[in-house]
Amino acid sequence: MEVHDFGTMWTASAHIITAVIGSGVLSLAWAVAQLGWVAGVASLLTYGCITFYTSNLLAECYRSPGTGKRNYTYMEAVKDNLGGKMNFACGMAQYANLNGLVVGYTVTAAISMVAIEKSNCFHRRGHEASCEVSHKPYMIGLGLFEIVLSQIPNIEQVWWLSIMASIMSFGYSSIGAGLAFAIMLSGHGKRTTVTGVEVGPGLTAARKMWRMFTALGDIAIAYSYSPVLIEVQDTLSSSKPEIKVMKKANMISVAATTVFYMMCGCLGYAAFGNSAPGNMLIGFGFYEPFWLIDLANIFIVLHLVGAYQVMAQPVFCEVESLCRRKWPKSEFVNREYPIKIGRRNLNFSINLFRLVWRTMYVVVATGLALALPFFNDLLALIGAVSFWPLTVYFPITMYISRKKINRATIRWFMLQFVNLLSLLIALAAACGSIEGLGEALRIIK
């Protein structure tokens, strides 16, 4: 991508927080409810530590071994450290994850916009009113807005969008945690248990197991930002060693994320108990305080608008880099048309290929969101499958190769233990996601 000019520790932290704290934070109360206090809290802390550790390992692999050349993408880093076959596998996992998230964000943002309209409808017309609202106009509207934002040339230039999105994520997380805390203080918190939701009428032991698997996967995937880490590191200025700045950004981002995940997960569980909903805001209803729930949903929409770009920019830049290499003399692909107002240069330009390709991308993503109402269940499966290779396997394997860590040493065994543990959790999460996807398809039929 070659955009490493102005990035700082704070802009890198903003990009990471935008990528990692999604609206999925609001499902953590449900995840803790499935696991209980002990396993739920332990999972939140353990995966925070694992993500921080493996992210630092990945940051170590940003420059090529021997030459010190920058790697502009995750795929380039894998190719330099592990070879071409691994590069292909990495690309499949990374871009399936990024493209899936873009579609998922379109669905989720529309759900939040519909929630705002329904909340206002109930407030105006009464709680018994029929307030059915279609998601489709909101998906189309978001798609049109993202077409405009997608003309921003690269991830470095969306730093302001990432900062805004980071503030929004803290906003809706704080509202959710604050309302849950208020329920606890009022004495209306529901019953919680050490082991979480109990087997009984309406919940078989097998269903409990599937829910636990899904919850473990939700927590693990909620921390993942490896698919964009190398691209974010590439935005950092060369005035300081990128590795030191990136490790500080990792520390700030994962620490902030863990604090908010603990707040939302634990306070949400304490408020709603074993009946915690999949989206904590839904637990407060569409009614009162309707304005505060509306504000939280507005924050979610604004956050997802920014997160969409953080996830899509690596895809845009990879395709455009390939086309520039293939057609280096094409004006359609390479020529930039500066935008001016009078004699004033706006420091922005239009590229015809970028305009056409990115518009088509957003149109296809929006079309998939419209066609697949159960896409978030499919996204959970994509996330579960891609989590282990991108967040754990490739960073650990590249680090072992780069540092020439010998087999059967204590350090090698410890790294492989983390690798195996994460693989088992990813497999369990994938099984839970497949079961959830099957349930969604049965409901639609």
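Higher on the page you've got the structure.
Residues numbered from 1 in each chain as written. Predicted model: local features only at pLDDT ≥ 70, side-chain atom pairs only at ≥ 80, totals over all residues. Heavy atoms only, no water.

Undergrad: Would you take a moment to explain the overall build of the protein chain for this structure?
TA: What the protein chain contains, in helices and strands, is 15 helices and two strands. Compactness check: the protein chain gives a C-alpha radius of gyration of 22 Å against a globular reference of 22 Å for 445 residues, within 12% of the reference. Along the three orthogonal principal directions, the C-alpha set of the protein chain runs to about 65 × 65 × 40 Å. The buried share of the protein chain, taken over its 445 residues, is 54%. By sequence separation, contacts in the protein chain at least 24 residues apart represent 81% of the contacts at least 6 residues apart. Across the protein chain, the centroid of the 35 positively charged side chains sits 6 Å from that of the 24 negatively charged ones. (Helix = DSSP H or I, 4+ residues; strand = E, 2+ residues; numbered from the N terminus. Rg over C-alpha atoms; globule rule 2.2 N^0.38 Å. Buried < 20%, exposed > 50% of the residue type's maximum accessible area, 1.4 Å probe, protein only. Contact = heavy atoms within 4.5 Å. Lys, Arg positive; Asp, Glu negative; His and termini not counted. Charge placed at Lys NZ, Arg CZ, Asp CG, Glu CD.)

Undergrad: What's the story with a nonpolar patch on the surface in this structure? I'm lost.
TA: Among the surface-exposed residues, Phe-332, Leu-352, Leu-355, Val-356 and Met-360 lie close enough to one another that they form a single nonpolar patch of about 420 Å² accessible area. The greatest single-element share of the nonpolar patch, amounting to four residues, is contributed by helix H13 (residues 352-371). The partly exposed category is assigned to Val-356, whose relative accessible area is 39%. (Patch = residues over 30% accessible without salt bridge, like charges linked within 9 Å, V, L, I, M, F, W, Y side chains within 5 Å. Areas by Shrake-Rupley, 256 points an atom, 1.4 Å probe, with all protein chains shown as cover. Salt bridge = Lys/Arg side-chain N within 4 Å of Asp/Glu carboxyl O.)

Undergrad: How do you make sense of the packing of aromatic side chains when you look at a structure like this?
TA: How two aromatic rings sit relative to each other is given by the distance of their centres and the angle of their planes. As enumerated under the stated definition, the model contains 13 aromatic pairs in all. Aromatic side chains Trp-357 and Tyr-361 sit 5.6 Å apart centroid to centroid with 70° between the ring planes, which places their arrangement in the edge-to-face category. With Trp-357 and Tyr-361 both in helix H13 and four residues apart, the pair spans about one turn of that helix. Residue classification places Trp-357 among the buried residues on the basis of a relative accessible area of 17%. Here Tyr-361 falls in the buried class, since its relative accessible area comes to 11%. Geometrically, the ring pair formed by Trp-412 and Phe-413 is edge-to-face, given 5.3 Å between the ring centres and 75° between the ring planes. Here Phe-413 falls in the partly exposed class, since its relative accessible area comes to 48%. (Phe/Tyr/Trp six-rings, centres within 6.5 Å; stacked < 30°, edge-to-face > 60°.)

Undergrad: It is not clear to me how the packing of helix H5 (residues 136-149) against H13 should be interpreted in this structure. Could you clarify?
TA: Between H5 and H13, whose axes approach to 9 Å, the crossing angle comes to 165°. Judged on the interaxial angle alone, H13 and H5 are roughly antiparallel. With respect to the hand of their crossing, H5 and H13 are arranged in right-handed fashion. On H13, the residues touching Lys-136, Met-139, Ile-140, Gly-143, Glu-146 and Ile-147 of H5 are Thr-359, Val-362, Val-363, Thr-366, Ala-369 and Leu-370. (Axes fitted to C-alpha atoms, helices over the stretch in contact; angles between N-to-C directions. Parallel < 35°, antiparallel > 145°, perpendicular 65-115°, else oblique. Left-handed = near helix turned anticlockwise from the far one by under 90°.)

Undergrad: Please explain the state of the cysteines as it appears in this structure.
TA: Disulfide: a covalent bond formed between the sulfur atoms of two cysteine residues. Overall, the coordinates contain zero disulfides when judged by the stated rule. Unpaired in this structure, Cys-90 has its nearest cysteine sulfur neighbour in Cys-61, at a distance of 12 Å. Residue class for Cys-90 comes out buried when judged on its relative accessible area of 0%. Cysteine Cys-323 is unpaired, with the sulfur of Cys-317 as its nearest cysteine sulfur at 12 Å. (Disulfide = S-S within 2.5 Å.)

Undergrad: Is there a simple way to think about the nonpolar core in this case?
TA: In terms of nonpolar packing, the biggest core is built from 117 residues, with Val-25, Tyr-74, Tyr-172, Tyr-261, Met-311, Tyr-361 and Met-398 touching the most fellow members. Top element by residues in this core is helix H11 (residues 290-326). It accounts for 16 residues. By size, the runner-up hydrophobic cluster in this structure holds five residues, among which are Ala-384, Ala-429, Ala-430 and Leu-437. (Core = buried A, V, L, I, M, F, W, Y, C linked by side-chain atoms within 4.5 Å.)

Undergrad: Would you take a moment to explain the pattern of salt bridges for this structure?
TA: Once their charged atoms are close, side chains differing in charge can pair, the charge on each being opposite to the other. The full count for this structure, using the stated rule, is nine salt bridges. Two residues, Arg-70 and Asp-234, come together in a salt bridge whose shortest N-O distance is 3.7 Å. Of this pair, Arg-70 sits in the loop between helix H2 (28-60) and helix H3 (74-82) while Asp-234 sits in the loop between helix H8 (226-233) and helix H9 (242-272); the two residues are 164 residues apart in sequence, bridging distant segments of the chain. Residue Arg-70 shares its accessibility class with Asp-234, and that shared class is buried. Glu-435 is paired through a salt bridge with Arg-207; the nearest N and O atoms lie 2.4 Å apart. With a gap of 228 residues between them, Glu-435 in helix H15 (residues 410-444) and Arg-207 in helix H7 (residues 205-222) connect regions that are remote in the sequence. Through salt bridges with shared partners, one network takes in Arg-63, Arg-70, Asp-234 and Glu-242.

Undergrad: Just to check I follow, could you spell out the side chain of Ser-422 for this structure?
TA: Following the sequence through the fold, Ser-422 ends up in helix H15. If sequence neighbours within four positions are ignored, Ser-422 has contacts with Tyr-47, Ile-50, Phe-387, Trp-388 and Val-392.

Undergrad: Help me out: how do you make sense of H5 in this one?
TA: One full turn of an α-helix is made of 3.6 residues, so residues set three or four places apart face in the same direction. Here H5 contains 14 residues, and its C-alpha end-to-end distance of 20 Å stays within 8% of the 20 Å for a straight helix at 1.5 Å per residue. Every buried residue belonging to H5 is among Met-139, Leu-142, Gly-143, Glu-146, Ile-147 and Leu-149, and all of these are buried. Buried positions in H5, seen along its axis, are confined to an arc of 160° and lie on one side of it. Every exposed residue of H5 that faces more than 90 degrees away from the buried side is listed here: Pro-137, Leu-144 and Val-148. Its buried side turned inward, H5 meets helix H4 (84-125), helix H6 (159-185), H11 and H13. (Expected span 1.5 Å × (residues − 1). Arc of directions from axis to C-beta.)

Undergrad: Got a minute to help me understand the packing of H2 against H8 in this structure?
TA: Helix packing for two helices is described by the angle between their axes and how far apart those axes are. One way to put it is that H2 packs onto H8 with a least axis distance of 10 Å and a crossing angle of 45°. With respect to H8, the element H2 is oriented oblique. The handedness of the crossing between H2 and H8 comes out as right-handed. Across the interface between the two elements, Ser-55, Leu-58 and Ala-59 from H2 touch Ser-226, Leu-229, Ile-230 and Gln-233 from H8.

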